Amino acid sequence: EKEQEKVQIAIREAISSLDPLYQEIVEDRLLNDMKYNAISLKHKLPLHTIKNRIARGKRVLQSGLKTYRNI
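A. Quick look at the environment of D28. Mapped onto the secondary structure, D28 falls in helix 2 (residues 20–30). Each C-alpha atom of the pair D28 and V7 lies 18 Å from the other, and the pair is 21 residues apart in sequence. Discounting chain neighbours no more than four positions away, the residues touching D28 are D33, M34, I39, K42 and H43.

This is the structure in structure tokens:
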């Protein structure tokens, strides 16, 4: 349970360190579990832009969270 909390905190910190262009969109998807369409409407951006930003944000997060992969 304690390890899980550490992982959650690390994920939140990693998201907050993302470029602002990706930060809120990735947060909406990963933390708020919003659908792509809902995110697209919220940010008034095309769906493909949302998908691209989420994919790029995830790549940055994965490289930043490598130490937690084995948990």
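Structure shown, so let's carry the discussion forward.
B. Representation of the side chain of R53. Among the structural elements, R53 can be located in helix 4 (residues 47–64). An unpaired buried charge is present at R53: no salt bridge exists, and D19, the closest side chain of opposite charge, is 8.3 Å distant. Contact partners of R53, with chain neighbours within four places excluded, come to L21, Y22, I25, V26 and L45.

C. Molecular detail of the environment of L18. Mapping L18 onto the fold places it in the loop between helix 1 (2–16) and helix 2. Overall, the relative accessible area of 6% leaves L18 in the buried class. Between the alpha carbons of L18 and V7 there is a distance of 17 Å; along the sequence they are eleven residues apart. Sequence-distant contacts of L18, that is, excluding residues within four places in its chain, are made with Q23, V26, G57, V60 and L61.

D. Broad picture of the packing of aromatic side chains. Going through the model one piece at a time under the given rule, you end up with zero aromatic pairs. Positioned above the aromatic ring of Y36, the side-chain terminus of R29 is 4.6 Å from the ring centre. Its guanidinium or amino end placed over the ring of Y36, K51 lies 5.9 Å from that ring's centre, counting from NZ or CZ.

E. Structural context of the pattern of salt bridges. Under the defined criterion, the tally for this structure stands at two salt bridges. K42 serves as the salt-bridge partner of E24, at 3.5 Å between the closest nitrogen and oxygen. Highlighted residues: E24 in helix 2 and K42 in helix 3 (residues 36–43), separated in sequence by 18 residues. By relative accessible area, which is 41% here, E24 ends up partly exposed. Looking at K42, the relative accessible area reads 40%, which means it is partly exposed. For the salt bridge of K42 with D28, the shortest nitrogen-to-oxygen distance reads 3.0 Å. One end of the pair, K42, is in helix 3; the other, D28, is in helix 2, and 14 residues separate them in sequence. A residue is classified by how much of its surface remains accessible, and D28, at 1% relative accessible area, is buried. Each of the salt bridges in this network shares a partner with another, and the network as a whole consists of E24, D28 and K42.

Basis of the calculations
- Residues numbered from 1 in each chain as written.
- Predicted model: local features only at pLDDT ≥ 70, side-chain atom pairs only at ≥ 80, totals over all residues.
- Heavy atoms only, no water.
- Helix = DSSP H or I, 4+ residues; strand = E, 2+ residues; numbered from the N terminus.
- Contact = heavy atoms within 4.5 Å.
- Buried < 20%, exposed > 50% of the residue type's maximum accessible area, 1.4 Å probe, protein only.
- Lys, Arg positive; Asp, Glu negative; His and termini not counted.
- Salt bridge = Lys/Arg side-chain N within 4 Å of Asp/Glu carboxyl O.
- Phe/Tyr/Trp six-rings, centres within 6.5 Å; stacked < 30°, edge-to-face > 60°.
- Lys NZ or Arg CZ within 6 Å of the ring centre and 35° of its normal.

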